[in-house]
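Chains, contacts and geometry: an overview
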Amino acid sequence: MELKIPVKEGAETKTMLKIVNCFINNLTDVELDIVSAMINKGYTTLSKNNRSGLRSSLNMDKYLFNNYVKYLKDKKVLYLNQDILTLNPNIVRLTSDNQITIILKKYGSAWWDYR
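Residues numbered from 1 in each chain as written. Predicted model: local features only at pLDDT ≥ 70, side-chain atom pairs only at ≥ 80, totals over all residues. Heavy atoms only, no water.

1. What to know about helix H2 (residues 29–41)
- Under the 1.5 Å per step criterion, the end-to-end length of H2 is 18 Å for 13 residues, consistent within 8% with the ideal 18 Å.
- Every buried residue of H2 is listed here: Glu-31, Leu-32, Ile-34, Val-35, Ser-36, Ala-37, Met-38 and Ile-39.
- Immediately downstream of H2, the backbone of Gly-42 shows phi near 80 degrees, a positive value. (Helix = DSSP H or I, 4+ residues; strand = E, 2+ residues; numbered from the N terminus. Expected span 1.5 Å × (residues − 1). Buried < 20%, exposed > 50% of the residue type's maximum accessible area, 1.4 Å probe, protein only.)

As structure tokens, this is what we get:
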């Protein structure tokens, strides 16, 4: 079965992240906003230079933004790579195409039976 979902222009990244959100640690709407803004701006790392621009584009104050960055680190969406906060490459890869394919396979006697 193929399901086509209409998406507003400019909202593609956030929509794709919402679709796969159950697989990426159930991010909140604000966390999704931060991650999608990073991807849309082409940021794969959070540095002092791009952090303030990202924060202002999201209309967030410094302390609130830093709290959400910590939550994203706890959820392994952002991780430290040689003292640089880096966006998980699997998430970037998810949004690199204009489509997502999800394959559900039946295991055992019922689809929820993983034996």
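Following the structure, the description resumes.
2. Focus: the packing of H2 against helix H4 (residues 62–74)
- Contact pair H2 / H4: the axes reach a minimum separation of 10 Å and the direction vectors enclose 90 degrees. As far as their axial angle goes, H4 and H2 are roughly perpendicular. From H2, Val-30, Glu-31, Ile-34 and Val-35 reach across to H4, where they touch Phe-65, Tyr-68, Tyr-71 and Leu-72. (Axes fitted to C-alpha atoms, helices over the stretch in contact; angles between N-to-C directions. Parallel < 35°, antiparallel > 145°, perpendicular 65-115°, else oblique. Contact = heavy atoms within 4.5 Å.)

3. A few points about H4
- Given a rise of 1.5 Å per residue, 13 residues ought to cover 18 Å, and the 18 Å separating the end C-alpha atoms of H4 matches this to within 8%.
- Contacts made by the buried residues of H4 are with H2, strand S1 (45–46), helix H3 (48–57), strand S2 (78–81) and strand S3 (84–87).
- Directly after H4, the chain includes Lys-76, whose backbone phi takes a positive value near 65 degrees.

4. Observations regarding the confidence of the model for the protein chain
- Counting all residues, the mean pLDDT for the protein chain is 85, and 92% of those residues have values of 70 or more.
- Put simply, helix H5 (residues 89–94) is where the protein chain has its lowest mean pLDDT, 85, and H4 is where it has its highest, 95.
- Under a pLDDT of 50 for its full length, residues 111–115 has, in the predicted model, four contacts with residues more than four places off or in other chains. (pLDDT = per-residue confidence, 0-100.)

5. Looking at the pattern of salt bridges
- With the rule as written, the count across this model stands at three salt bridges.
- For Glu-31, the salt bridge goes to Lys-75, with nearest N and O atoms at 2.9 Å. Here Glu-31, found in helix H2, pairs with Lys-75, found in the loop between H4 and S2; they are 44 residues apart in sequence, far enough to count as distant.
- Judged by its relative accessible area of 21%, Lys-75 is partly exposed.
- The salt bridge partner of Asp-74 is Lys-70, with a shortest N-O separation of 2.8 Å. Taken as a pair, Asp-74 and Lys-70 lie in helix H4 at a separation of four residues, close to a single helical turn.
- Classification of Asp-74 by relative accessible area gives partly exposed; the value is 48%. (Salt bridge = Lys/Arg side-chain N within 4 Å of Asp/Glu carboxyl O.)

6. Details of the sheet that holds S3
- Spatial ordering of the open sheet is given by S1-S3-S2, a layout of three strands whose pairing is antiparallel. Only two strands of the sheet have a single partner each, and these edge strands are S1 and S2.
- The sheet contact formed by S2 and S3 spans four bridges and is antiparallel. Looking at the pairing, Leu-78 lines up with Leu-87 of S3. (Pairing = 2+ DSSP bridges.)

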